[in-house]
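# Structural description and commentary
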Amino acid sequence: MMNRRDLLVGGTGAAACGLLNSMTGRADASTNGPKLREGVWDAHVHLSGVGGTVQQRVDQLLLHAGRFGIERLVISMGTSFVHDPSPEELVRQNDEVLQAIQHAPQQVLGMVYLNPKHTAASLSEIDRCVREGPMVGIKLWIAMRCHRPELDPIVRRAVELQVPVLQHCYWRTQENLPGESTPADMATLASRHPDAWFICAHTGNDWERGLRAIRSQPHVFAEICGSDPTAGFVEMAVREVGAQRVLYGSDAGGRSFASQLAKVYSAGLSEQDETMILGSNLRRLLQPVLRTKGALP
Ligand SMILES: [Zn+2]
């Protein structure tokens, strides 16, 4: 019997990829260009940067994603960004993500947006959207720095449901926003929860420091979305934490799919490493919850 840690380090991504491709019937989805790989999954997408109803926004995102061979979008947060959401605001935003999933269930996955200041409301949103609903992860933004003990009940519930926690992490050139987490905060939280999976979103923006901060925590993924497509980011990530811990995400529509893919395609990686970063790592991470939901055999 394989445990979740074995799944991470054991390189079963190809098997997961095959399962998913047969499930989606998209085995030959990418014919658009020499460097495009089939089955790109984007770990970090929002309903921002595009207009209209939730459904219209999803259609626009999928139109652009499809041009780059991106077949799945993991969407979190609603049509407006709120730094310190109330329980009612969380429900409203998560309802919008549920609408997005319902609109394109073969292409859209969702993460439930929470605020650790509201423990009961957050746990109840996990139940509503993940345990009883279709969502496959937890999204935390800037309401509270993630090293704090208020995160613990949320992470414990994530472990129970076998879903990852995607935490926005930044080191700004000037001061961070109030409540904004750093990669060091992420490492502190992760060290208390060795059985959980974490996604360090943006790898801190200042990725050279971010990678050093999370390097010692094998259950933290370095996710590359949101910053300018500077050379060296993905190269250093692969060198320092290994390709099996690096995830492609875009932060679309706030950022373009293309600029974020460029970080990966320009890194001179082996085909195996590129395939892991662009999709099979995320498929492997979500395999337990997708299986629970009957989306995998
Ligand atoms: Zn984001």
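Residues numbered from 1 in each chain as written. Predicted model: local features only at pLDDT ≥ 70, side-chain atom pairs only at ≥ 80, totals over all residues. Heavy atoms only, no water.

This paragraph deals with the sheet that holds strand E5 (residues 165–170). Strands sit in the order E1-E2-E3-E4-E5-E6-E7-E8 across an open sheet of eight strands; the sheet is parallel. Both edges of this open sheet fall to strand E1 (40–45) and strand E8 (246–247), since each of them pairs with a single strand only. Note that strand E2 (residues 70–76) and strand E3 (residues 108–114) share four bridges and pair parallel. Each residue of the ladder has a partner; that of Ile 75, found in E3, is Gly 110. (Pairing = 2+ DSSP bridges. Helix = DSSP H or I, 4+ residues; strand = E, 2+ residues; numbered from the N terminus.)

Attention now goes to the coordination of the zinc ion. Coordination of the zinc ion by the protein involves His 44 (NE2), His 46 (NE2) and Asp 251 (OD), with metal-donor separations of 2.0 to 2.3 Å. Written as a sequence motif, the donor arrangement for the zinc ion is H-x1-H-x204-D. Across this residue pair, the class does not change: His 44 and His 46 are buried. (Donors = N, O, S within 2.8 Å, 3.2 Å for Na, K, Ca; no water. Buried < 20%, exposed > 50% of the residue type's maximum accessible area, 1.4 Å probe, protein only.)

For the rest of this paragraph, the subject is the packing of helix H4 (residues 87–103) against helix H5 (residues 119–131). For any two helices packed against each other, one specifies the inter-axial angle together with the distance between the axes. The interhelical angle for the contact between H4 and H5, taken along N-to-C directions, is 20°, at an axis separation of 10 Å. When the axis of H4 is compared with that of H5, the two are roughly parallel. Between H4 and H5 lies a crossing whose hand is right-handed. Within the contact between the two elements, H4 uses Pro 87, Leu 90, Val 91, Asn 94, Asp 95 and Leu 98 and H5 uses Ala 121, Ser 122, Glu 125, Arg 128 and Cys 129. The residue makeup of the contact of H4 with H5, split by class, is six nonpolar, two polar and three charged. (Axes fitted to C-alpha atoms, helices over the stretch in contact; angles between N-to-C directions. Parallel < 35°, antiparallel > 145°, perpendicular 65-115°, else oblique. Left-handed = near helix turned anticlockwise from the far one by under 90°. Contact = heavy atoms within 4.5 Å. Nonpolar A, V, L, I, M, F, W, Y, C, P; charged D, E, K, R; others polar.)

Attention shifts here to the pairing of strand E6 (residues 198–204). For E6, the tally of buried residues reaches seven of seven residues, placing the bulk of the element in the interior. Across five bridges, E5 lies against E6 in parallel orientation. Bridged to Gln 167 within E6 is Cys 200. What joins E5 to E6 is helix H7 (residues 183–192), and the crossover it makes is right-handed. (Right-handed = clockwise from strand over helix to strand, strands pointing away.)

The set of residues buried in helix H9 (residues 233–241) consists of Phe 233, Val 234, Met 236, Ala 237, Val 238 and Val 241. Positioned one or two residues after H9, Gly 242 has a phi angle of 90°, which is positive.

You can see Glu 125 is positioned in helix H5. A polar contact of 2.8 Å, which involves the side chain of Glu 125, links it to the side chain of Arg 128. Setting aside its immediate chain neighbours within four residues, Glu 125 contacts Leu 90, Val 91, Asn 94, Val 112, Leu 114 and Val 130. (Polar contact = N/O pair within 3.5 Å; in protein donor to acceptor, adjacent residues only side chain to side chain.)

As a further point, take the packing of aromatic side chains. Using the criterion set out here, one finds three aromatic pairs in the structure. Summarising the aromatic geometry, the rings of Phe 81 and Trp 141 are spaced 5.3 Å apart at their centres and angled 70° between planes, so their arrangement reads as edge-to-face. In this pair, Phe 81 is assigned in the loop between E2 and H4 and Trp 141 in the loop between strand E4 (137–140) and helix H6 (152–161), connecting sequence segments 60 residues apart. Assessed through its relative accessible area of 35%, Phe 81 is described here as partly exposed. The ring of Trp 171 has Arg 209 sitting right over it, with the charged end atom 4.0 Å from the ring centre. (Phe/Tyr/Trp six-rings, centres within 6.5 Å; stacked < 30°, edge-to-face > 60°. Lys NZ or Arg CZ within 6 Å of the ring centre and 35° of its normal.)

Within this structure, the stated rule accounts for 17 salt bridges. Glu 240 is paired through a salt bridge with Arg 215; the nearest N and O atoms lie 2.4 Å apart. With a gap of 25 residues between them, Glu 240 in helix H9 and Arg 215 in the loop between helix H8 (207–214) and strand E7 (220–223) connect regions that are remote in the sequence. Assessed through its relative accessible area of 38%, Arg 215 is described here as partly exposed. Each member of the salt-bridge network shares a partner with another, and the members are Asp 127, Arg 131, Glu 132, Arg 157 and Glu 160. (Salt bridge = Lys/Arg side-chain N within 4 Å of Asp/Glu carboxyl O.)

Moving on, we get to the packing of H7 against H8. At a minimum axis distance of 8 Å, the contact between H7 and H8 shows a crossing angle of 15°. Accordingly, the angle class assigned to the pair H7 and H8 is roughly parallel. Every pair of crossing elements has a handedness; the one defined by H7 and H8 is right-handed. Between H7, through Pro 183, Ala 184, Met 186 and Ala 187, and H8, the contact on the second element is made entirely by Gly 210, Ala 213 and Ile 214. Each residue belonging to the contact of H7 with H8 can be placed in one class, and the counts come to six nonpolar, one polar and no charged.

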